[in-house]
Amino acid sequence: MTWQPHITVATIVEAEGKFLFVEEFKAGQHVFNQPAGHLQPNETITQAALRETLEETAWEVELTGVVGIYLYTAPSNGVTYQRICFAARPLRHHADLALDSDIVRAVWLSRDELLAEPSRWRSELVPRCLEDYRKGPLHSLELLRD
């Protein structure tokens, strides 16, 4: 059996003290996650982050930095994910765009609202990435090489 990590991206979007999350229906419950998804063939990591954020939230964003690179093995399925988490600022909401089929809604939450419901986190990476973003430092996008 070949072990292969899944490369994913996530984006933390902040505006007016609130953060953009997606509510997904996974394993029979509604959970919160940053806009996130898998890298596709022939796509750069930054292109993936912009695409996933738009597809899952209908928000066009500008990436402002790299929060961190995370390795996470999901206890539910044993799959290992490498997540590159970005910071971004919102540019434009496209209210006419349909969200990805597995997304219930996009929602703006304060840090306290998110932390008040740990049973609704998609994974422990959700609050961890948010806290790393808040603590800093943000790393330059120039860190990434295509």
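This structure is a prediction, so every number in the text was calculated from the model and none was measured.

**Notes on the environment of threonine 11**
Part 1: Within the secondary structure, threonine 11 is located in strand 1 (residues 6-15).
Part 2: Residue class for threonine 11 comes out buried when judged on its relative accessible area of 0%.
Part 3: Considering only alpha carbons, one finds threonine 11 and leucine 63, 52 residues apart in sequence, at a separation of 8.3 Å.

**Overview of the nonpolar core**
Part 1: In this structure, Ile12, Phe21, Val67 and Cys85 are the most contacted members of the largest nonpolar core, which totals 20 residues.
Part 2: At the level of secondary structure, the elements contributing two or more residues to this core comprise strand 1, strand 2 (18-26), strand 5 (59-73), strand 6 (80-93), strand 7 (103-109) and helix 3 (125-135).
Part 3: Ranked by residues supplied to this core, first place goes to helix 3 with 5 residues.
Part 4: Not counting residues up to four positions away in its chain, the partners in contact with valine 67 are Ile12, Cys85, Phe86, Ala87, Cys129, Asp132, Tyr133, Pro137, Leu138 and His139.
Part 5: In terms of nonpolar packing, the next biggest core, distinct from the first, is built from 13 residues, Val9, Val13, Trp59 and Val66 among them.

**Focus: the UniProt feature "domain: Nudix hydrolase" (unreviewed entry) in the protein chain**
Part 1: The sites that UniProt annotates as "domain: Nudix hydrolase" (unreviewed entry) are residues 2-131.
Part 2: The span residues 2-131 is 19% helix and 48% strand, and its two end C-alpha atoms sit 34 Å from each other.

**Concerning the environment of histidine 93**
Part 1: Structurally, the position occupied by histidine 93 is in strand 6.
Part 2: Note: C-alpha distance between histidine 93 and leucine 130 (37 residues apart in sequence) is 22 Å.
Part 3: Beyond its immediate stretch of four places on either side in the chain, histidine 93 contacts Thr57, Ala58 and Trp59.

**Some points on the environment of leucine 50**
Part 1: Take leucine 50: it is sitting in helix 1 (residues 45-57).
Part 2: Classification of leucine 50 by relative accessible area gives partly exposed; the value is 34%.
Part 3: Ignoring any residue separated from it by four or fewer positions in sequence, one finds leucine 50 in contact with Val61 and Leu63.

**Examining the pattern of salt bridges**
Part 1: Overall, the coordinates contain 13 salt bridges when judged by the stated rule.
Part 2: Close ionic contact of arginine 134 with glutamate 131 constitutes a salt bridge, the shortest N to O distance being 3.5 Å. Taken together, the residues span about one helical turn, with arginine 134 and glutamate 131 both in helix 3 at a distance of 3 residues.
Part 3: Residue classification places arginine 134 among the partly exposed residues on the basis of a relative accessible area of 46%.
Part 4: For glutamate 131, a relative accessible area of 16% translates into the label buried.
Part 5: Among the ionic contacts, a cluster of salt bridges with common partners joins Glu23, Arg105, Glu117 and Arg120.

**Focus: helix 1**
Part 1: Taking 1.5 Å per residue as the helical rise, helix 1 with its 13 residues ought to reach 18 Å, and the 18 Å between its terminal C-alpha atoms agrees with that figure.
Part 2: Residues of helix 1 that are buried include every one of Ala48, Ala49, Arg51, Glu52, Thr53, Glu56 and Thr57, and no others.

**Re the packing of aromatic side chains**
Part 1: One pass over the full model with this rule turns up 2 aromatic pairs.
Part 2: Each ring, one from phenylalanine 19 and one from tyrosine 133, has its centre 5.9 Å from the other, and the planes form 85 degrees; the classification is edge-to-face. Placement of phenylalanine 19 in strand 2 and of tyrosine 133 in helix 3 is noted, with a sequence separation of 114 residues between them.
Part 3: On the accessibility criterion, tyrosine 133 (17% relative accessible area) is buried.

About the thresholds
- Residues numbered from 1 in each chain as written.
- Predicted model: local features only at pLDDT ≥ 70, side-chain atom pairs only at ≥ 80, totals over all residues.
- Heavy atoms only, no water.
- Helix = DSSP H or I, 4+ residues; strand = E, 2+ residues; numbered from the N terminus.
- Buried < 20%, exposed > 50% of the residue type's maximum accessible area, 1.4 Å probe, protein only.
- Core = buried A, V, L, I, M, F, W, Y, C linked by side-chain atoms within 4.5 Å.
- Contact = heavy atoms within 4.5 Å.
- UniProt positions renumbered as here; feature names shortened; annotations may be inferred.
- Salt bridge = Lys/Arg side-chain N within 4 Å of Asp/Glu carboxyl O.
- Expected span 1.5 Å × (residues − 1).
- Phe/Tyr/Trp six-rings, centres within 6.5 Å; stacked < 30°, edge-to-face > 60°.

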